[in-house]
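Structure at a glance
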Amino acid sequence: MEINEKNLKTSRFLYILEAGFEYLISILVAGAYLAKLTESLGMSDQLTGIMSSIISLGHLFQLGSLLIRPKRVKGLVVTFSVLNQLLFMLLYIIPLGTGAKPFRSVLFVVAILLAYLLYNLVHPKKMNWFMSLIDDSERGRFTSVKEMVSLVMGVGFSFAMGGVVDYFEAKGELKTAFIICGATIAVLMILHTITMVGSVEKPVKVESGKRKAFAAMLKDKTILKLAVLFALWYAAMYASTPFLGSYQNKELGFSMTFISLLSLIYSGVRIAFSFLWGSYADRKSFKTMLTACYAVSTLSFFVNIFTVPSNGKIFYTAYYAFHAIAMAGINSALTNLVYDYVEVSRRADAIAITQTVSGVVGFLTTLAAGVLVDHIQKSGNTFLGMSVYAQQVTAAISFVMNIVVIIYLRTQIQNKGEKEC
């Protein structure tokens, strides 16, 4: 396809839609939806938390993208995306089977691992492909608009799908809801594929030599410092968030409709702050914006320390709102930090390295936290002689870790334009 300003403008629009359709699919395979699937297979809260953190572990597979160095990535990205989403659809088919639950649970774990393997092998390439279509001076505003559109799409979608699950579960027909969710993923997959096929691809210079490129990444102090920042944040987040899906469903007793209302609030808050954060980052810097976002996320985890069934709807809503304000800037800021400090030819590999390190750290954090969660629950929800829910303790861990993240960001990451970050 010819590359001209008209096609670039169209591709940027399609990138916004692509992100939106991908976001809708992600809603159906995470959080309370994933918890519903794992509950139907008889998995424990500990295992459900580990399943949630598979998203983080999947980042490990981004190392494989360093070995994939084609001059054109579009065909590969489209193919792997389709396969990845077919496996996500399979997650809703597995609970419909009649085999033994242990066997179906193993199949479920294999399917979600393969799904994230395929997704992460090409994710850095896809990011570099689409981000290369955007002018550097407009990255903050563009990524905020992209996120806002995804969130707007997610509002009605979450309500509709949450209502479907509640309706059929109340009738004792949860499997019917699973069929509808699986079919919805199939439709979204088709729309997602169309957006990628219709986008142009700019030729991007890629460093040749797999070993040489990988060695250069490991020696780059800038990339290593960014990787530590990513890792610390993922440790803070994955110490508690993977266990919140089951907490909402069980201890707090939220219905899927109320969870959808929470999603509406979350999306509304993120929409309100996303463009503000993006504009602020373009005026100041992504480092300055990220510091403010981490401060808000620290507050969100602090609130969640005190969230219990008696105040759950109020306190969890407050936590979720503060978390939304923070996440309105954090994801885009981390990616844009890489684009700020790393040269063009190394950006895809730098994303792979930072995501891999953070993903492994996030997953290992969840494994450790999962042992703690299981211990507290088996001890009758007591910890160090105190009567608490496991998720309150993990929220406290996230709170402390978030403070560490802020200290590291302010002391180790220099301002843009200095010799090394």
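1. Remarks on the side chain of Glu-22
Of note, Glu-22 is situated in helix H1 (residues 5-28). Under the relative-accessibility criterion, Glu-22 is labelled buried at 18%. A polar atom in the side chain of Glu-22 sits 2.8 Å from the side chain of Lys-126.

2. Here we look at the side chain of Glu-201
With respect to the helices and strands, the residue Glu-201 is situated in the loop between helix H8 (174-197) and helix H9 (210-219). At 2.7 Å, the side chain of Glu-201 forms a polar contact with the backbone nitrogen of Val-73. Within polar-contact distance, the side chain of Glu-201 engages the backbone nitrogen of Lys-74 at 3.3 Å. With sequence-adjacent residues up to four places away left out, Glu-201 is seen in contact with Ile-3, Lys-71, Arg-72, Val-73, Lys-74 and Trp-129.

3. A closer look at the packing of helix H5 (residues 74-93) against helix H6 (residues 101-131)
H6 packs onto H5 with a crossing angle of 155° between their chain directions and a minimal axis gap of 8 Å. It follows that H5 is roughly antiparallel to H6 by the angle criterion. Every pair of crossing elements has a handedness; the one defined by H5 and H6 is left-handed. Broken down by class, the residue content of the contact of H5 with H6 amounts to 19 nonpolar, 1 polar and 3 charged.

Rules and cut-offs
- Residues numbered from 1 in each chain as written.
- Predicted model: local features only at pLDDT ≥ 70, side-chain atom pairs only at ≥ 80, totals over all residues.
- Heavy atoms only, no water.
- Helix = DSSP H or I, 4+ residues; strand = E, 2+ residues; numbered from the N terminus.
- Buried < 20%, exposed > 50% of the residue type's maximum accessible area, 1.4 Å probe, protein only.
- Polar contact = N/O pair within 3.5 Å; in protein donor to acceptor, adjacent residues only side chain to side chain.
- Contact = heavy atoms within 4.5 Å.
- Axes fitted to C-alpha atoms, helices over the stretch in contact; angles between N-to-C directions.
- Parallel < 35°, antiparallel > 145°, perpendicular 65-115°, else oblique.
- Left-handed = near helix turned anticlockwise from the far one by under 90°.
- Nonpolar A, V, L, I, M, F, W, Y, C, P; charged D, E, K, R; others polar.

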